[in-house]
Amino acid sequence: MLIKKNSFYDYAYRRFRRNKLAVIGTFITLAFIVVALLAPILSPYEPSEFFFMEGQNLYNKYDTPSLQHLLGTDSLGRDVFSRLLYGARVTMMVALSAVSISTIIGTIIGLVTGYFGRFIDAFFMRIVDIVISFPVLFLLISISTIMDPSIWIVILAIGLVSWTSTARLVRGEVLRVKELDYIVAANACGSSSLKIIIKHILPNILAPIMVQVTIGTAQAILMEASLSFLGVGVQQPTPSWGNMLMDAQKLLVLRDMPWIWIPPGVVTLLLVLAIYFVGDGLRDAFDPKQ
Amino acid sequence: MPDTPLLVVENLNKHFLLHKSMKKEHAVYVKAVNNVSFTVNEGETLGIVGESGCGKSTLGRTLLRLLEPTGGEVYFEGKRISDYTTNEMRSLRERMQYIFQDPYSSMNPKMTIRDIVSEPLENFRKDMSSEQREERVAELLELVGLSREAMTRYPHEFSGGQRQRIVIARGIALNPRLLICDESVSALDVSVQAQIINLLQELKQKLSLTYLFISHDLRVVKFISDRIMVLYLGEVMEIAPSSTLFADPKHPYTRSLIGSISKGDPRHRDERKILEGEIPNPMNAPKGCPFSSRCPVAFERCHIENPTLRTVGKDHVAACLLLSQPMQSDTKTGENE
Amino acid sequence: MKTILEVRDLSVQFRTEEGSFHAIEHVSFSVEEQKTLAIVGESGSGKSVTSLAIMQLIAENGKITDGEIFIEGQDILKLTRKEVQQSILGKKISMIFQEPMTALNPVIKIGDQITESILEHQQVSKKEARQIALDTLKQVGIPSPEERIKQYPHQLSGGMRQRVMIAMGLVTRPKIMIADEPTTALDVTIEAQILNLLEELKKKFKTSILFVTHDLNIVADIADDVLVMYCGEVIEKGPVADIFESPKHPYTKGLLATMPSLDQTKSVLPTIKGSVPNISKRPSGCHFHPRCEYATERCRKEKPKTYVEGAHHVQCFLYAPKEGTKHA
């Protein structure tokens, strides 16, 4: 269909299909995406909806799971299950946006430094060194003392810190590919540098970039979870799996109310694992060592 | 054939700097191509032959400015191209093309054959529409003995010989005048080699091409070339018409090289001559004549003075002190094998 | 004449993504004492697989499915892996490869690599082993062996490394040495030296040589007997003079005609039409029939038997028995 027969991607696709873990990972990831998209339909309540105790004026906090509240209620009386579903949207959106930003920046910088080398290379690699040494956590904590970090600040923070691994990867690949005969041949055919980068180099380094995107997504999810858990990520009332885990900071909740923190923990673990399986599967599909 | 040679090379140098040094004398260079001079006439095939470190591949790439020369001049169609800018060189690519040694690595594995062969057309024939380009690609593929269906397939689906045909098709796409073939048949099976050699001969006739044929295989070079240039450690040892080179080789290295080749006949197996010694590392080239460390007839001056190319016969030049001394070469004739 | 190596009906199969295929089928030949047998073929012929099978070096996804390999009369396929490693490999039979850079360990000095292989197979002290190593290096023509022994592989040229490999192969005085394209990566003048060296050593140490190559010219120079392989089968075999002066199989004839020789007078080289088929797409019957100008319907349907004339064997219906000819 989309993939040309007998092309590199055709063979890769067939190899991927044979890898059971990768296929399972793909289905799980797709399932999560579908659930996230359909959250408004699947969710019984609004995520910010507060519930009151029967006939009283008090919030129904920490209620155990029941038929009305499949996963009980949290510290403010909101339905945990609904928050979980909407949280999926938020977590995944943050992760995917951050990964897109880091991939685009990293790829462009990697291509340019790898291909042109010398001063540009030296300059950007020093920037990479600076960015890597930068403590994201402190940055976000500092920002949060001034204002509540909006969701876009969180996305930018994660994205702007993660592009370095992509850049290094792309640069390494460009260096490897640059000396191959078909690049010299393209030069001999009269192709311009831009044409060579886009038509010859980029298609041949796409495979490792794709694998890196999966890893980056998983890492972004975990980063969001950590940041939100510490209170400097996604802010209330917006639900995210990370800030749902924040409740677990209270010993009482941790010990006696597992329905509040186990679900977000488990789904995070599951999704990250599924994405890693897909990433491994892609890596093996693109580069089989027979 | 017109009188002006198509390609004139004068004292071409390509030196690679290995170690920089504050003192110029201490800088270490690899003289991959050193003082190479020769001409190529239109319509002929000049064979370039030599062993490792002789610089033949570096020479090919430097001629096309795929590598920058460090000295000397190159004239193509009468114009001095060694100081052309990158843009001027780009426009020259239409008329000078290069066929790489390994057909597989010189094709982008992610591109279809159609895209690969049409790339030069896209760059230089902007007047052609994409249908016209596709038709031209089909024409080229058929010219090299492949069917037009090959267009939609990928390089890995083809055998070595077929891949070689594809890169040849790409090389002739723009109707170049000069084609540099770098070890174009070396990686092929014997039975396929002959097919490609025949193809190259056929194309030369049909398209009035001029070839620079680089190879380490003397037999193939002899078959396909009109004249042959022998290189050793980046320098020219001898240039002569093919038949003359084999009938009457003057340079001791050429004689040793030809002597080392198997006769291909079990009855003549004892005729194979052994040339002792190792090929020197280009970083440690011998002083004087580069061949002096292994030459069976070298004398003291050979280790001090590097001989220049002198005429030793009709259309025949060689760089050897023995040959440029008319008296000594007379007395030494008896000793030359 | 004592037979050092005898191979009978050897077949090797490989498993790939697209299924299982026979790399070689029904390969039979023998090598006598102090003789050189050359196995010649192009890519896909199975010549390398044959030599690797004898050394039990077939890759993970391949296995010997049939046949026997006798070394001095002993069927080594019936021995356990350990017995083969201890008493056969490196001891009675050794191998030198095409690319000495990958066959030699780049991080161990030359001297240590040679002494290691001596100590593996001989009961000598380290000092004695070092002396044997020095002597062997001298015998293979390496100048100043005392210095070389302290060097690493990358410090040596291609020709030198190949000599070191030969030294390592000879140090245990094997009965037979397998050389798999040892000169393909070398320059012409160095190739001549190495082939000459092998000839001298063969006489000196009374070793037999099994020489695998694609180059018929080398075969002309060094072989006593020749085995021609195509698509995994032996299609012709015989003494070198017979093969070159009166080749029987159309493939052999084509191969000899297609190489440009120094006294080539034609302007167009004779060629064998078509190309070598992929291992997964071998033609039925005689594998060569689609490229053969003498092919008949029978060639497409049936596999020819091997027909014998003296020491000259050929697998082709053109030589099928009329009255009087034996067949194997």
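Residues numbered from 1 in each chain as written. Chains lettered and ligands numbered in written order. Predicted model: local features only at pLDDT ≥ 70, side-chain atom pairs only at ≥ 80, totals over all residues.

### Thoughts on the overall build of chain C
Consideration 1: Secondary structure summary: chain C contains 12 helices and 12 strands in total.
Consideration 2: Counting only C-alpha atoms and orienting by the principal axes, one finds that chain C spans roughly 65 × 50 × 45 Å.
Consideration 3: Per-residue burial for chain C yields a buried fraction of 46% across its 328 residues.
Consideration 4: Relative to all contacts within chain C whose residues are 6 or more apart in sequence, the contacts with residues 24 or more apart total 62%. (Helix = DSSP H or I, 4+ residues; strand = E, 2+ residues; numbered from the N terminus. Buried ≥ 20, exposed ≤ 12 C-beta atoms within 10 Å, placed from the backbone. Contact = placed C-beta atoms within 7 Å.)

### Concerning the interface of chain A and chain B
Consideration 1: Residue-level contacts link 17 residues of chain A with 21 residues of chain B.
Consideration 2: Breaking the side of chain A that touches chain B down by element, the ones donating at least two residues are α8 (181–188) and α9 (193–229) of chain A.
Consideration 3: When residues of the side of chain A that touches chain B are assigned to their parent elements, the largest contribution, 7 residues, is made by α8 of chain A.
Consideration 4: Residue composition of the side of chain A that touches chain B, grouped by class: 9 nonpolar, 7 polar and 1 charged. (Nonpolar A, V, L, I, M, F, W, Y, C, P; charged D, E, K, R; others polar.)

### Details of the interface of chain B and chain C
Consideration 1: Taken together, the contacts link 32 residues of chain B with 35 residues of chain C.
Consideration 2: Of all the secondary structure elements, the ones that give two or more residues to the side of chain B that touches chain C are α6 (190–207), α7 (218–224) and α9 (252–260) of chain B.
Consideration 3: If one sorts the elements of the side of chain B that touches chain C by residue count, α6 of chain B sits on top with 7 residues.

### Here's the deal with the pairing of strand β7 (residues 178–182) of chain B
All names here are of chain B.
Consideration 1: Counting buried positions along β7 yields 5 of 5 residues, so the element is predominantly enclosed.
Consideration 2: Alternating residues of β7 divide into Leu178, Ile180 and Asp182 and Leu179 and Cys181, and every residue in both groups is buried.
Consideration 3: Across 5 bridges, β7 lies against strand β8 (residues 210–215) in parallel orientation. The partner of Leu179 across the bridge, within β8, is Tyr211.
Consideration 4: Once the chain exits β7 it traverses α6 before rejoining the sheet at β8, and the crossover so formed is right-handed. (Pairing = 2+ DSSP bridges. Right-handed = clockwise from strand over helix to strand, strands pointing away.)

### A few points about the packing of helix α2 (residues 20–37) of chain A against helix α12 (residues 258–286) of chain A
All names here are of chain A.
Consideration 1: Here α2 crosses α12 at 135°, and the two axes come no closer than 8 Å. By the angle class used here, α2 and α12 are oblique. Every pair of crossing elements has a handedness; the one defined by α2 and α12 is left-handed. Only Leu270, Leu271, Ala274, Ile275, Phe277, Val278, Asp280 and Gly281 of α12 make contact with α2, whose side of the interface consists of Leu21, Ala22, Ile24, Gly25, Thr26, Ile28, Thr29 and Phe32.
Consideration 2: Grouping the amino acids of the contact of α2 with α12 by side-chain chemistry returns 11 nonpolar, 4 polar and 1 charged. (Axes fitted to C-alpha atoms, helices over the stretch in contact; angles between N-to-C directions. Parallel < 35°, antiparallel > 145°, perpendicular 65-115°, else oblique. Left-handed = near helix turned anticlockwise from the far one by under 90°.)

### Some details on the sheet that holds strand β4 (residues 62–71) of chain C
Backbone-to-backbone hydrogen bonds pair the strands of a sheet. The strands run either parallel or antiparallel.
Residue and element names in this part refer to chain C.
Consideration 1: Across the sheet, 4 strands lie side by side as β2-β1-β4-β5; this open sheet has antiparallel pairing. The open sheet has two edge strands with one neighbour each: β2 (19–32) and β5 (74–75).
Consideration 2: Examined bridge by bridge, strand β1 (residues 3–16) and β4 share 8 bridges and lie antiparallel to one another. Bridging across to β4, Val7 finds its partner in Ile69.
Consideration 3: Relative to the sheet, helix α1 (residues 47–54) contacts β1, β2 and β4, its axis offset from that of β1 by approximately 110°.

### Details of the confidence of the model for chain B
Consideration 1: On average, residues of chain B carry a pLDDT of 87, and 93% of them reach 70 or more.
Consideration 2: Confidence drops under a pLDDT of 50 for residues 326–337 of chain B, and excluding neighbours within four residues, the segment shows 6 contacts in the predicted structure. (pLDDT = per-residue confidence, 0-100.)

### Some thoughts on helix α4 (residues 110–121) of chain C
One turn of an α-helix holds 3.6 residues; hence residues three or four places apart share an orientation.
Residue and element names in this part refer to chain C.
Consideration 1: End to end, α4 covers 18 Å across 12 residues, agreeing with the expected 16 Å (1.5 Å per residue, within 8%).
Consideration 2: Taken as a whole, α4 has its buried residues at Ile110, Gly111, Ile114, Thr115 and Ile118. One side of α4 carries all its buried residues, which in axial view fall inside an arc of 115°.
Consideration 3: Contacts from the buried residues of α4 go to α5 (126–139), α6 (145–148) and α7 (158–170). (Expected span 1.5 Å × (residues − 1). Arc of directions from axis to C-beta.)

### Notes on the domain arrangement of chain C
Residue and element names in this part refer to chain C.
Consideration 1: Here the domain parsing of chain C yields domain 1 (3–92 + 174–319) and domain 2 (104–172).
Consideration 2: One C-alpha centre belongs to domain 1, the other to domain 2; they are set 30 Å apart.
Consideration 3: The interface is formed by 13 residues belonging to domain 1 together with 13 residues belonging to domain 2.
Consideration 4: Here the element with the most residues in the side of domain 1 that touches domain 2 is helix α8 (residues 188–205); it accounts for 6 residues. (Domains from an automatic or database assignment.)

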